[in-house]
Amino acid sequence: MPSVSEWYRADRMPHIFCTGCGNGTVLNCTLQAASDMGWEIDDTVFVSGIGCSSRASGYTAADSLHTTHGRALAFATGVKMAHPEFNVVVFTGDGDLSAIGGNHFIHACRRNIDMTVICMNNMIYGMTGGQGSPCTPRGAFSTTTPYGAQEPTFDLAELAVAAGANYVSRWTTYHVKQLTDSIKTGMETPGLSFIETMSQCPTSYGRKNKLRQPLDMIEYLRDHSILISKKRRLEAEGKVIPDTTFAVGEFVRRSRPVMGLKR
Amino acid sequence: MQGNIACAEGALAAGCRFFGGYPITPSTEVAEHMAKMMPKVGGVFIQMEDEIASISSIIGASWTGVKAMTATSGPGFSLMMENIGYAAITETPIVIINVQRGGPSTGQPTMSAQGDMMQCRFGSHGDFSIIALTPSTVQEMYELTVKAFNLAEEFRCPVFLMSDETIGHMRERIEIPDSVDVVNRKELEKGKLPYETDADNPVPGFPTFGHGHRVHVTGLTHDARGYPDTTNHKTHSDLVRRLVGKVESKRHEIADYDIAGTDAEIVFLTYGPATRTVRQIMKDSPDLKIGHINLRIVWPFPENVLKEFPNAKVFIVPEMNMGQIGREVARHTPVKVVYLPKLGGDMHTPQDLMEAYDREKALIGGGN
């Protein structure tokens, strides 16, 4: 059973992620979960799209497919349907998944193909220098929202639930233990598992929003997260939940019909 | 048998076991037949959410070692441009069927055209090379689809069957052989780097997923290891020159055409439906000196075929577009080239071609 370090492609280090970036944390939690699963490296394929998040596939020791912007899930569909014996893990980001790849996202969830999709949501286009994304909070600054973002945001976890994924959770880079456990649960659950990770981008998001220090951003993610069980209780009680918060925890775990199961 | 069905049968005979597609007139019968047949041969049919997803899925499938194909027409073909480039730079063997219809845009969904001939060659950004086959009979829909798969495996590039509504929807009696020659995936030798090549072997072996190669595949400019190397001038120049050269340097071996009347002064160059019309006028007027080139492979363009006609004073190129391949002919010969566009959805009639022949004959002068 390969250890976490064996899951890394050592000759690709150093990575391109900025100092303080949250993507390394998410990658590490994913590889820890793969190791905990007892998966074999040669039975596993990592697929990714374009953006900071999607560079993660290239740092894994396994076969990996770094594809085009937004299309990772469509490529992964081909890999998994042609060869269901593979463990397929997709790395994507908020722009890659919900803007240019939105159509593929809802259809992959609908098909409920047996794979694990990990979205590193840093609320910004990091690779291109910090433009607003469909997940940039209202009022937040970016290079394309110089007066504060005006558009309503996507709730990716709720979208995945509505579209039919069998397992959906959201955590942050602060919640390392919960995130690792959740990814493992996702890997164990037949069907499409969607794990959204709120991740810090001090370089592009933080610098525009008075969160320049990585720790400031991680604390921001911690302080603005609210357990989904608590959120639902407050909603039931008719309490007002600040719209700057986001729910974390397990959104759904169910057994809708699945495609691409191992034969 | 219908042309589109013959195409699907050819694909199955060639070993295609993954089809990802999206319904579009006039190519849909290919997908429908694949939907029916794939479960019977242990393959996978999947109807994707759009044509971008369709080509993405077949590239993903191809990396697992499976022969994969999609089929579409103009509007879907336009959507596929993005990942045609991805297949080119990652050297993924895939086959794309384009049953052409009238464009631009939604154009004439049920009518025939050849307006995507330049798009299949140059539609995706950047420099690379591809192979495009052009059937003019239902029999060739079968045979050239088999050949498309074999060329995709041999050259590891996107290969196109550039058919059209006329041939796709035509019904003809065909002969299906008991077996066909099939080229299978050439696996990367152990110990070699994923994109390790030399001058004599410009096409690397294929590091199939799950076979222990632990390959990283990326659309970024990459080195022999497959790792991104995006700011090194030499890495990029070497890669692009190889992607172009591996096909273009073999264009005379890849070439597939037949010729007739090589001593003629007036030569028709055709591919697809117009080939049938030229054959008709040659049959109708056996006493006329008519030269004919029928291309079964248009890209890479086999310019040497033009030299087979030493007396040629004019090449007439009837196409169901505004002169896309005619321009390629003109690029390779000092001889006069006459474009004979036919737009609107109908193929060239014998009268169309005879009028052009008589006009050119009068300009040349002299006896028959």
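Since we're looking at a predicted model, the values are computed, not measured. (Residues numbered from 1 in each chain as written. Chains lettered and ligands numbered in written order. Predicted model: local features only at pLDDT ≥ 70, side-chain atom pairs only at ≥ 80, totals over all residues. Heavy atoms only, no water.)

**Remarks on the overall build of chain B**
Piece 1. Across its full length, chain B carries 12 helices and 14 strands.
Piece 2. Over its C-alpha atoms chain B spans a radius of gyration of 21 Å, differing by no more than 12% from the 21 Å that the globule rule assigns to 368 residues.
Piece 3. The principal-axis extent of the C-alpha atoms belonging to chain B is close to 70 × 45 × 40 Å.
Piece 4. Burial analysis of chain B (368 residues in total) assigns 58% to the buried set.
Piece 5. Within chain B, one finds 35 positive and 45 negative side-chain charges whose respective centroids are separated by 3 Å. (Helix = DSSP H or I, 4+ residues; strand = E, 2+ residues; numbered from the N terminus. Rg over C-alpha atoms; globule rule 2.2 N^0.38 Å. Buried < 20%, exposed > 50% of the residue type's maximum accessible area, 1.4 Å probe, protein only. Lys, Arg positive; Asp, Glu negative; His and termini not counted. Charge placed at Lys NZ, Arg CZ, Asp CG, Glu CD.)

**Points about the interface of chain A and chain B**
Piece 1. Of the residues lining the interface, 32 residues belong to chain A; the matching set on chain B comes to 36 residues.
Piece 2. Its largest share of buried area at the contact with chain B, chain A owes to Asp63(A), His66(A) and Phe75(A), together 19% of the area lost on that side.
Piece 3. Of the charged contacts, one joins Asp42(A) and Arg214(B) as a salt bridge, the two residues approaching to 2.8 Å between their closest N and O atoms.
Piece 4. For the interface between chain A and chain B, the tally reads 20 residue pairs in polar contact (both at pLDDT 80 or more).
Piece 5. Counting residues per element, the ones that place at least two in the side of chain A that touches chain B are strand E2 (63–66), helix H2 (72–82) and helix H4 (102–111) of chain A.
Piece 6. At 7 residues, the largest contribution of residues to the side of chain A that touches chain B is made by H2(A).
Piece 7. Classifying every residue of the side of chain A that touches chain B gives 12 nonpolar, 12 polar and 8 charged.
Piece 8. The pairing of E2(A) with strand E8 (residues 216–218) of chain B spans 3 bridges and is classified as parallel. Bridging from a neighbouring strand, His66(A) pairs with Thr218(B) of E8(B). (Contact = heavy atoms within 4.5 Å. Buried area = accessible area lost by both parts, 1.4 Å probe. Salt bridge = Lys/Arg side-chain N within 4 Å of Asp/Glu carboxyl O. Polar contact = N/O pair within 3.5 Å; in protein donor to acceptor, adjacent residues only side chain to side chain. Nonpolar A, V, L, I, M, F, W, Y, C, P; charged D, E, K, R; others polar. Pairing = 2+ DSSP bridges.)

**Structural notes on unusual backbone geometry**
Residues and elements named next belong to chain B.
Piece 1. Residues Gly103 and Pro104 are joined by a peptide bond in cis, for which omega reads 5°.
Piece 2. Considering the arrangement of structural elements, one finds Pro104 in the loop between strand E4 (94–102) and strand E5 (108–112).
Piece 3. For the bond from Trp299 to Pro300, the omega torsion is -5°, close enough to zero to count as cis.
Piece 4. On the secondary structure map, Pro300 appears in the loop between strand E12 (297–299) and strand E13 (314–319).

**What to know about the domain arrangement of chain B**
Residues and elements named next belong to chain B.
Piece 1. Each assigned domain of chain B is listed with its residue range as follows: domain 1 (3–169) and domain 2 (258–364).
Piece 2. Our enumeration of links across domain 1 and domain 2 arrives at 1 salt bridge.
Piece 3. For Glu140, the salt bridge goes to Arg296, with nearest N and O atoms at 3.3 Å.
Piece 4. Here domain 1 is connected to domain 2 by 15 residue pairs in polar contact (both at pLDDT 80 or more).
Piece 5. When residues of the side of domain 1 that touches domain 2 are traced back to their parent elements, those giving at least two are E5, helix H5 (117–122), strand E6 (131–133), helix H6 (138–155) and helix H7 (165–169). (Domains from an automatic or database assignment.)

**Examining helix H7 (residues 214–223) of chain A**
One turn of an α-helix holds 3.6 residues; hence residues three or four places apart share an orientation.
Residues and elements named next belong to chain A.
Piece 1. Restricting attention to buried positions, one finds in H7 the residues Met217, Ile218, Tyr220 and Leu221. Projection of H7 onto a plane perpendicular to its axis shows the buried side chains occupying an angular sector of 155°, all on one side. In H7, the exposed positions angled more than 90 degrees off the buried face are occupied by Leu215 and Asp223.
Piece 2. Contact partners of the buried residues in H7: strand E5 (167–172), strand E6 (193–198), strand E7 (225–227) and strand E8 (246–253). (Arc of directions from axis to C-beta.)

**A short note on the packing of aromatic side chains**
Piece 1. According to the stated counting rule, one finds 10 aromatic pairs over all chains in the structure shown.
Piece 2. Ring geometry for Phe75(A) against Tyr86(B): centres 5.1 Å apart, planes inclined by 70°, an arrangement best described as edge-to-face. Residue Phe75(A) is found in helix H2, and its partner Tyr86(B) is found in helix H4 (residues 74–90); the two belong to separate chains. Exposure class is identical for Phe75(A) and Tyr86(B). Each is buried.
Piece 3. Judged by centre distance (5.7 Å) and plane angle (85°), the ring pair of Phe77(B) and Phe160(B) falls under edge-to-face. You can see Phe77(B) sitting in helix H4 and its partner Phe160(B) sitting in strand E7 (residues 158–164), a full 83 residues away along the chain.
Piece 4. Given the relative accessible area of 0%, Phe77(B) is considered buried. (Phe/Tyr/Trp six-rings, centres within 6.5 Å; stacked < 30°, edge-to-face > 60°.)

**So, the packing of helix H1 (residues 3–14) of chain B against helix H2 (residues 28–37) of chain B**
All names here are of chain B.
Piece 1. Packing of H1 against H2 leaves a shortest axis separation of 8 Å and a crossing angle of 45°. What the angle tells us is that H1 and H2 run oblique. Along this stretch, H1 crosses H2, giving a crossing that reads as right-handed. On H2, the residues that touch Asn4, Ile5, Cys7, Ala8, Glu9, Ala11 and Leu12 of H1 are Glu29, Val30, His33, Met34 and Met37.
Piece 2. In the contact of H1 with H2, the residues fall into 8 nonpolar, 2 polar and 2 charged. (Axes fitted to C-alpha atoms, helices over the stretch in contact; angles between N-to-C directions. Parallel < 35°, antiparallel > 145°, perpendicular 65-115°, else oblique. Left-handed = near helix turned anticlockwise from the far one by under 90°.)

**What to know about the sheet that holds strand E4 (residues 116–121) of chain A**
Piece 1. Read from one edge to the other, the open sheet built from 9 strands follows the order E7(A)-E8(A)-E5(A)-E6(A)-E4(A)-E3(A)-E1(A)-E2(A)-E8(B), with strand pairing classed as mixed. The open sheet has two edge strands, E7 of chain A together with E8 of chain B, and neither has a second partner. Strand-to-strand twist across the sheet, computed as the mean angle between neighbouring axes with direction ignored, equals 20°.
Piece 2. Alignment of E5(A) against E8(A), held across 4 bridges, turns out to be antiparallel.

**Notes on the environment of Gly148(A)**
All names here are of chain A.
Piece 1. With respect to the helices and strands, the residue Gly148 is situated in the loop between E4 and helix H5 (156–163).
Piece 2. Along the primary structure Gly148 and Val26 are separated by 122 residues, whereas in three dimensions their C-alpha atoms are 28 Å apart.
Piece 3. The contact partners of Gly148, leaving out residues within four places of it in the chain, are Gly139, Ala140 and Phe141.

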